[in-house]
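These are the residues of each chain, in order.
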Amino acid sequence: MLSCDICGETVTSEPDMKAHLLIVHMENEVICPFCKLSGVNYDEMCFHIETAHFEQNELERNLERVNTRQYETSDNREDNTLQCRMEINSSIHSAGASNHPKISAQSLPKDGTLNHKAFYSENLTESRKFLKSKEKQCDLSKIKGSIYETMYSPPDCPFCGKIEDCNQDMETHVKTKHANLLDTPLEDCDQPLYDCPMCGLICTNYHILQEHVDLHLEESSFGQGMDRVQCSKDLELAHQLQQEEDRKRSEESRQEMEEFQKLQRQYGLDNSGGYKQQQLRNMEKEVNRGRMHPSEFHRRKADMMESLAIGIDDGKTKTSGIIEALYRYYQNAATDVRHVWLSTAVDHFQSSFGDRGWGCGYRNFQMLLSSLLQNDAYGDCLKGMSVPCIPKIQSMIEDAWKEGFDPQGASQLNNKLQGTKAWIGACEVYTLLTSLRVKCHIIDFHKSTGPLGTHPRLFEWILKYYSSEREGSPKVVCTSKPPIYLQHQGHSRTVVGIEERKNRTLCLLIFDPGCPSQEMQKLLKQDMEASNLKQLRRFVGNLKHKQYQIVAVEGVLTSEEKVVSI
């Protein structure tokens, strides 16, 4: 049996004493076991018990010791003694812990201070009276003598039995020597302390610290393993995403390359040869199909080689005299036409085996140049020229690029036209004419100006170009204006005149390189019918492309103006 030196509580083992000290005297509020005084610290409570309840405290501890001795030496009187001791202890505790707090609370002064002396006398008197009555009932005269003999014995340690002079020394002894049992080690004790290098936890035992650190290491190892697993998953996902991105880029690159190659083929930049190669291949196909005799093949091949050598078109696809035939027709017929304006004389050039599908721009330039060559106003700048063949036109454009004309257009076509089937448009025609000192300009009709995507403003501009005064002029006017180069997406044509109908609508007269020479020659007949003009006429509702460009010739450039235009 172990007795608490602080409050006198009796327990049966050291773990119970440890729990009692921890719960009652360390975690809970300090309360006097005799009068239930609270609200003071531990040192003040010890002083209160030593002064106000000294006799009661010593009496209770000595009773415990006497009871222990009687229990060990008096076997015959064991039951009676034990019963008396329990009754005495119970009565003392009942008297000291139950009755006196009520009395103490009633006897406290108004200022809240405790009259220790009066309280001590009152408690002592009550204890003595109760003790005497119990001694008489149990016939314990020897117990009484033993109690008073041992009333003032010093306290001993409940763990090791060491005796100290006073309770304060005993408390210090328990906290310093048995701190491991209390789980409250003191900083100033001799026991070494160990700090965890990872979290700073203080341990009193090295083995406990080692186990604690091992837990940290296991947790860290587990976390690293999870991190490696997560890292592996992230790398796999990143690899999959990269593969998907590479696949998409590869697919996009393939599609872009296919589109680029398609455009190259469309615009004749696929390195499949130029005018000469295409002419020979198409004539060979005609021979194989039985449409051309081999002797005709060799004759045309010889004519082509001669034309390419001198750089002049062989004229096999040319039709001349159409403007004069139109003048006669409008003079004698076309009753539904109020006025008509025609350009200067111009020859029609049809696309041949060598340029079919890509040579419209070159053929329209031949038409425009054929008109300029028949116009004396341009004899100076075009002196000694003839209508060139397509390879020669390509060479002339390359020479203009070398002079500094249209560097952007040159770069788009890789500065090379000869030996290719590259298309040319309004910019290349303008460049070539300017290099020949022919004054011209490009007009852009970049959006429709009428209902249903039509371009009535284009018709009005061409009418203004050919006519100076519409009212009072004759029905048919052969102007001194050259034809107009007309470009839209994918094709180009040549405007050779304009009609004004009696209902005030306008109609363009157009030469198309795609029109066969046989059809154009029908216009040369004396008895030409109105149906033959169907292939030339284009009304406002017939031109519905999104954009149009025209190249209009206006005169001759001086050498200085040519340099400035570069």
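- For the protein, an unreviewed UniProt entry supplies the name Zinc finger-containing ubiquitin peptidase 1 and the organism Rhinolophus ferrumequinum.
- Here is the UniProt Subunit (unreviewed entry) comment for the protein, exactly as written: "Interacts with RPA1 and RPA2."

Re the overall build of the protein
Turning to step 1, where the next piece is worked out: When you go through the protein residue by residue, the secondary structure sums to 19 helices and 14 strands.
Turning to step 2, where the next piece is worked out: Going through the 566 residues of the protein one by one, you find that 42% of them count as buried.
Turning to step 3, where the next piece is worked out: Summed over all atoms, the accessible surface of the protein reaches about 32000 Å², with 50% contributed by carbon and sulfur.

Considerations on the packing of helix H10 (residues 275–288) against helix H11 (residues 294–310)
Turning to step 1, where the next piece is worked out: Running from amino to carboxyl end, H10 crosses H11 at an angle of 170 degrees, the nearest separation of the two axes being 10 Å. As judged from the angle between their axes, H10 and H11 are roughly antiparallel. Of the residues in H11, those in contact with Tyr275, Lys276, Gln279, Leu280, Met283, Glu284 and Val287 of H10 are Pro294, Phe297, Arg300, Lys301, Met304, Met305 and Leu308.
Turning to step 2, where the next piece is worked out: In the contact of H10 with H11, the residues fall into 9 nonpolar, 1 polar and 4 charged.

Some points on the environment of Val387
Turning to step 1, where the next piece is worked out: If you trace the backbone, Val387 turns up in the loop between helix H13 (360–373) and helix H14 (390–403).
Turning to step 2, where the next piece is worked out: Assessed through its relative accessible area of 15%, Val387 is described here as buried.
Turning to step 3, where the next piece is worked out: Considering only alpha carbons, one finds Val387 and Met367, 20 residues apart in sequence, at a separation of 8.7 Å.

Quick look at the layout of surface pockets
Take a probe with the size of a water molecule and roll it over the atoms, and the empty space left behind shows itself.
Turning to step 1, where the next piece is worked out: Of the pockets and cavities examined, the second largest pocket occupies roughly 460 Å³.
Turning to step 2, where the next piece is worked out: Mapped onto the lining of the second largest pocket, the elements with two or more residues apiece are H10, H11 and helix H18 (517–521).
Turning to step 3, where the next piece is worked out: If you tally residues by element for the lining of the second largest pocket, the top one is H11, at 5 residues.
Turning to step 4, where the next piece is worked out: Of the residues contributing to the lining of the second largest pocket, the split by class is 4 nonpolar, 8 polar and 9 charged.

Comments concerning the UniProt feature "domain: C2H2-type" (unreviewed entry) in the protein
Turning to step 1, where the next piece is worked out: When the UniProt feature table is mapped onto this chain numbering, "domain: C2H2-type" (unreviewed entry) sits at residues 194–221.
Turning to step 2, where the next piece is worked out: Taken end to end, residues 194–221 is 57% helix and 14% strand, and its first and last C-alpha atoms sit 23 Å apart.

So, the pairing of strand S6 (residues 337–342)
Turning to step 1, where the next piece is worked out: Of all 6 residues in S6, 5 are buried, a share of seventy percent or more.
Turning to step 2, where the next piece is worked out: Pairing of S6 with strand S9 (residues 476–478), which is carried by 3 bridges, proceeds in the parallel orientation. Within the sheet, the bridge partner assigned to Trp341 lies in S9 and is Val477.

Quick notes on the pattern of salt bridges
Turning to step 1, where the next piece is worked out: The full count for this structure, using the stated rule, is 19 salt bridges.
Turning to step 2, where the next piece is worked out: Across the pair Asp303 and Arg299 runs a salt bridge whose closest N-O atoms are separated by 3.4 Å. Here Asp303 and its partner Arg299 are both found in helix H11, 4 residues apart, which amounts to about one turn of the helix.
Turning to step 3, where the next piece is worked out: Judged by its relative accessible area of 42%, Arg299 falls in the partly exposed class.
Turning to step 4, where the next piece is worked out: The shortest N-O distance in the salt bridge between Arg363 and Asp313 comes to 3.3 Å. One end of the pair, Arg363, is in helix H13; the other, Asp313, is in the loop between H11 and strand S5 (318–319), with 50 residues separating them in the sequence. For the pair formed by Arg363 and Asp313, the shared burial category is buried.
Turning to step 5, where the next piece is worked out: Connected through shared salt-bridge partners, Glu296, Arg299, Arg300, Asp303 and Lys316 make up one network.

Reading guide: rules and limits
Residues numbered from 1 in each chain as written. Predicted model: local features only at pLDDT ≥ 70, side-chain atom pairs only at ≥ 80, totals over all residues. Heavy atoms only, no water. UniProt positions renumbered as here; feature names shortened; annotations may be inferred. Helix = DSSP H or I, 4+ residues; strand = E, 2+ residues; numbered from the N terminus. Buried < 20%, exposed > 50% of the residue type's maximum accessible area, 1.4 Å probe, protein only. Areas by Shrake-Rupley, 256 points an atom, 1.4 Å probe, with all protein chains shown as cover. Axes fitted to C-alpha atoms, helices over the stretch in contact; angles between N-to-C directions. Parallel < 35°, antiparallel > 145°, perpendicular 65-115°, else oblique. Contact = heavy atoms within 4.5 Å. Nonpolar A, V, L, I, M, F, W, Y, C, P; charged D, E, K, R; others polar. 1 Å grid on protein atoms, 1.4 Å probe; cavity = no way out; pocket = protein on both sides within 12 Å on 5 of 7 lines; lining within 4 Å. Points joined across faces, edges and corners; volume = space filled by probe spheres on them. Pairing = 2+ DSSP bridges. Salt bridge = Lys/Arg side-chain N within 4 Å of Asp/Glu carboxyl O.

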